[in-house]
Amino acid sequence: MVSTLPLSADSVVRAVDSQVSSRLGDEVAILELDQGVYFGLNDTGAFLWNLMQSPVRVNEMHAALVEEYEVDATTAEEDLLRVLGELCDAGLVEHVELN
């Protein structure tokens, strides 16, 4: 079930089915097929995108980001929520509820 509720640490997100993506070196290029939206992510965004290929909790993504990039928790949370918001707005990520 897809939800449009605001994201929280316990939210579960995933990449939408109506997209294709490809690694380009350390980056990733994403094309949303229904609207034709193109989106590019840097290496950190590509790391997060890889995690979202199956449903994943936001707090699990946060922990992985802090561990992988040795960034402080506050900065990681702010950046993660910003990127997730941009991807949701572009129709590339959906907030899902697990039954």
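Note: the structure precedes this text.
Residues numbered from 1 in each chain as written. Predicted model: local features only at pLDDT ≥ 70, side-chain atom pairs only at ≥ 80, totals over all residues. Heavy atoms only, no water.

Student: Looking at this structure, I do not really get unusual backbone geometry. What am I missing?
Tutor: Where the residue is not glycine, phi is negative for most of them; where a peptide bond is considered, it is trans in most cases. The backbone of E70 sits at a positive phi, close to 50 degrees, despite the residue not being glycine. You can call E70 exposed: its relative accessible area is 73%. (Buried < 20%, exposed > 50% of the residue type's maximum accessible area, 1.4 Å probe, protein only.)

Student: What is the right way to read the environment of L92 from this model?
Tutor: By the element assignment, L92 lies in the loop between α3 (73–89) and β7 (93–96). Separated by 53 residues in the primary sequence, L92 and F39 place their C-alpha atoms 8.7 Å from one another. Once residues lying within four places of it in the same chain are set aside, the contact partners of L92 are R14, A15, V16, Q19, I30, E32, F39, W49 and L87. (Helix = DSSP H or I, 4+ residues; strand = E, 2+ residues; numbered from the N terminus. Contact = heavy atoms within 4.5 Å.)

Student: Can you walk me through a nonpolar patch on the surface in this structure?
Tutor: A cluster of nonpolar side chains, contributed by V20, L31, L33 and Y38, occupies part of the molecular surface with about 390 Å² of accessible area. In this fold, V20 is placed in strand β3 (residues 19–24). Overall, the relative accessible area of 44% leaves V20 in the partly exposed class. (Patch = residues over 30% accessible without salt bridge, like charges linked within 9 Å, V, L, I, M, F, W, Y side chains within 5 Å. Areas by Shrake-Rupley, 256 points an atom, 1.4 Å probe, with all protein chains shown as cover. Salt bridge = Lys/Arg side-chain N within 4 Å of Asp/Glu carboxyl O.)

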